[in-house]
Amino acid sequence: MAIIEIKNLYKTFSTKDSEVEALKDINFSVEAGDIYGIIGMSGAGKSTLVRCLNFLERPTKGSVLVEGKDLGSLSSSELRSLRCNIGMIFQNFNLLMQNNVMDNVTFPLTIHGMSKKDAAEKAKHLLEVVGLSEKASAYPAQLSGGQRQRVAIARALASDPKILLCDEATSALDPQTTQQILDLLKKINRDTGITIIIITHSMNVVREICRNVAIVENGEIVENGLVEDIFTHPRSKAARRLIIEGKDPDQWDEEHSEKKTSPIVDQLREDRRIRIVFSSNSSYEPVIANMILSFGAPVNILYAATKDVNGVARGEMILGLAKDNELAEKQISYLKERGLAVEEITGAEYDTTGN
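None of the values given here were measured: they were computed from a predicted structure.

A. Looking closely at the pattern of salt bridges. Counted under the stated rule, the structure contains 19 salt bridges. Here Lys-11 ties to Glu-57 by a salt bridge, and the two come within 3.7 Å at their closest N and O atoms. Placement of the pair is Lys-11 in strand 1 (residues 2–14) and Glu-57 in the loop between helix 1 (46–53) and strand 4 (61–66), with a sequence separation of 46 residues. Judged on exposure class, the residue Lys-11 and its partner Glu-57 are both buried. Between Arg-275 and Glu-343 there is a salt bridge whose closest N-O contact spans 3.3 Å. Of this pair, Arg-275 sits in strand 11 (residues 273–278) while Glu-343 is found in strand 14 (residues 341–344), placing the two residues 68 residues apart along the sequence. The class of Glu-343 is buried, set by a relative accessible area of 11%. If you follow the salt bridges from partner to partner, you end up with Arg-240, Arg-275, Glu-316 and Glu-343 in one network.

In structure tokens form, the structure reads like this:
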């Protein structure tokens with residue numbers, strides 16, 4: 001059952017000289033208990049989208065339904081009440097620097113009328129959940145970035161929300177700490193059934209934790225679905241860039257803004273290039289070696305990697321095939337018959353200009 005439904009959502013910002021359409025005709029739904037990713041480059045509209053999910057940003061038109069309730073039809077008091085079911089954590093933690101860890105976690109409880117004693121008991125439990133019991137008296141300035149984010153998670157969970165929105169929650173953290181926070185979020189989702197929405201610009205984060213993902217580009221969702229399906233058969237140019245690179249799109253765009261093509265694809269000189277993905281149903285035989293022996297023709301392995309996709313190791317390769325098109329088609333058929341996902345790629349497919 002969908003806990004969140006977005007229907008025909010638009011968001012336009014008016015400036016002195018013009019209007020900027022930040023979101024255009026957004027449609028998707030999130031099932032209860034899911035871990036759902038929203039990924040895109042800076043300026044794509046993903047942070048505006050997440051703020052529309054709890055009406056911190058009111059859409060220009062369209063509807064947001066949470067547990068069947070249309071947020072646009074709620075009064076201010078009804079909206080405030082509903083937001084208690086939606087926790088939120090941010091890239092910069094947003095902790096009260098003058099308050100210690102315990103007070104940061106009890107703050108949302110006491111302002112909603114819970115007694116100090118009960119709030120302290122609940123905060124103590126939540127600090128145990130996030131592994132920070134020994135830091136209850138510490139101040140945010142005394143904590144590492146990962147510890148601050150754990151405090152923010154504990155605070156977000158204080159109101160027993162059904163939904164947790166994570167807006168670039170790991171962007172300020174190093175890779176090891178990011179992994180620890182993702183492991184914690186997965187554990188919380190598993191133990192409580194809370195629905196988690198991850199806003200990120202990192203495909204590694206999506207592959208690690210999300211079951212479903214929406215890819216946002218220029219204010220539109222260009223592709224969405226199961227992470228495993230999109231990893232195996234990316235359809236949009238944006239998805240292909242993210243998956244073939246395996247790098248953060250912000251970093252990719254900065255490094256390659258002039259030529260606007262994928263650095264890996266730039267290096268692939270073969271006439272026929274295919275990407276293959278080994279699934280759990282793929283044959284465990286040495287497929288490439290056997291194909292070479294079967295056809296008596298070499299192939300070039302241009303790129304190879306193993307990626308963790310939602311807890312499952314998935315291998316991928318880019319191969320350069322024979323120049324003989326008839327032979328190349330036979331090689332492709334051979335791979336497909338053995339359960340591999342196969343698709344042809346060209347440099348043009350990774351062109352970021354949209355041409």
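Text resumes after the structure shown.
B. Main features of the packing of aromatic side chains. For the structure shown, the criterion picks out two aromatic pairs. Where Phe-28 meets Tyr-36, the ring centres are 5.3 Å apart and the plane angle is 20°; that geometry is what we call stacked. For the ring pair Phe-295 and Tyr-334, a centre distance of 5.7 Å and an interplane angle of 80° mean the geometry is edge-to-face. Highlighted residues: Phe-295 in helix 12 (residues 287–295) and Tyr-334 in helix 13 (residues 325–337), separated in sequence by 39 residues. On the accessibility criterion, Phe-295 (27% relative accessible area) is partly exposed. Arg-275 extends its terminal NZ or CZ atom over the ring of Phe-231, reaching a point 5.1 Å from the ring centre. Seen from the ring of Tyr-334, Arg-338 lies directly overhead, with NZ or CZ sitting 3.6 Å from the centre.

C. Inspection of the pairing of strand 1 at higher detail. Across nine bridges, the pairing between strand 1 and strand 2 (residues 19–31) is antiparallel. Among the inter-strand pairings, Leu-9 is bridged to a residue of strand 2, identified as Ile-26. Linking strand 1 back to strand 2 in an antiparallel pair, the connection comprises four residues.

D. Up close: the nonpolar core. Judged by nonpolar contacts, the single largest core of 54 residues is most densely connected at Leu-127, Ile-153, Leu-185 and Ile-198. Sorting elements by how many residues they give to this core places helix 5 (residues 145–157) first, with six residues. When neighbours within four sequence positions are excluded, Ile-153 is seen to be in contact with Ile-89, Val-130, Ile-181, Leu-184, Leu-185 and Ile-188. Membership of the second largest hydrophobic core comes to 30 residues, among which are Ile-4, Tyr-36, Val-50 and Ile-197.

E. Representation of the sheet that holds strand 5 (residues 69–70) within the structure. Read across the sheet, four strands follow the order 2-1-4-5 without closing on themselves; strand pairing throughout is antiparallel. Unpaired on one side and paired on the other, strand 2 and strand 5 mark the two borders of the sheet. Judged from the two bridges that link them, strand 4 and strand 5 form a sheet pairing that is antiparallel. Residue pairing in the sheet places Val-66 in a bridge with Lys-69 of strand 5.

F. Examining the environment of Tyr-303 more closely. Mapped onto the secondary structure, Tyr-303 falls in strand 12 (residues 300–309). A sequence separation of 28 residues divides Tyr-303 from Arg-275, and the C-alpha atoms of the two residues are 9.0 Å apart.

G. Examining helix 1 more closely. Burial analysis of helix 1 places six of its eight residues in the buried class, which makes it a mostly covered element. Those residues of helix 1 that fall on the buried side of the exposure criterion are Lys-46, Thr-48, Leu-49, Val-50, Cys-52 and Leu-53.

H. Broad picture of the packing of helix 12 against helix 13. Running from N to C, helix 12 and helix 13 cross one another at 140°; their axes reach a closest spacing of 11 Å. It follows from the interaxial angle that helix 12 and helix 13 lie oblique. Of the two elements, helix 12 crosses helix 13, and the hand of that crossing is right-handed. For the pair formed by helix 12 and helix 13, the contact residues are Val-287, Ile-288, Asn-290, Met-291, Ser-294 and Phe-295 on the first element and Leu-327, Lys-330, Gln-331, Tyr-334 and Leu-335 on the second. Its residues assigned to classes, the contact of helix 12 with helix 13 comprises seven nonpolar, three polar and one charged.

I. Broad picture of the packing of helix 5 against helix 6 (residues 175–192). Following both chains from N to C, one finds helix 5 and helix 6 inclined at 20°, their axes separated by 10 Å at the closest point. Considering their axes alone, helix 5 and helix 6 lie roughly parallel with respect to each other. In this structure, the crossing between helix 5 and helix 6 has a hand that is right-handed. Of helix 6, the residues touching helix 5 (which contributes Gly-146, Gln-149, Arg-150, Ile-153 and Leu-157) are Thr-177, Gln-180, Ile-181, Leu-184, Leu-185 and Ile-188. Its residues assigned to classes, the contact of helix 5 with helix 6 shows six nonpolar, four polar and one charged.

Rules used throughout
- Residues numbered from 1 in each chain as written.
- Predicted model: local features only at pLDDT ≥ 70, side-chain atom pairs only at ≥ 80, totals over all residues.
- Heavy atoms only, no water.
- Salt bridge = Lys/Arg side-chain N within 4 Å of Asp/Glu carboxyl O.
- Helix = DSSP H or I, 4+ residues; strand = E, 2+ residues; numbered from the N terminus.
- Buried < 20%, exposed > 50% of the residue type's maximum accessible area, 1.4 Å probe, protein only.
- Phe/Tyr/Trp six-rings, centres within 6.5 Å; stacked < 30°, edge-to-face > 60°.
- Lys NZ or Arg CZ within 6 Å of the ring centre and 35° of its normal.
- Pairing = 2+ DSSP bridges.
- Core = buried A, V, L, I, M, F, W, Y, C linked by side-chain atoms within 4.5 Å.
- Contact = heavy atoms within 4.5 Å.
- Axes fitted to C-alpha atoms, helices over the stretch in contact; angles between N-to-C directions.
- Parallel < 35°, antiparallel > 145°, perpendicular 65-115°, else oblique.
- Left-handed = near helix turned anticlockwise from the far one by under 90°.
- Nonpolar A, V, L, I, M, F, W, Y, C, P; charged D, E, K, R; others polar.

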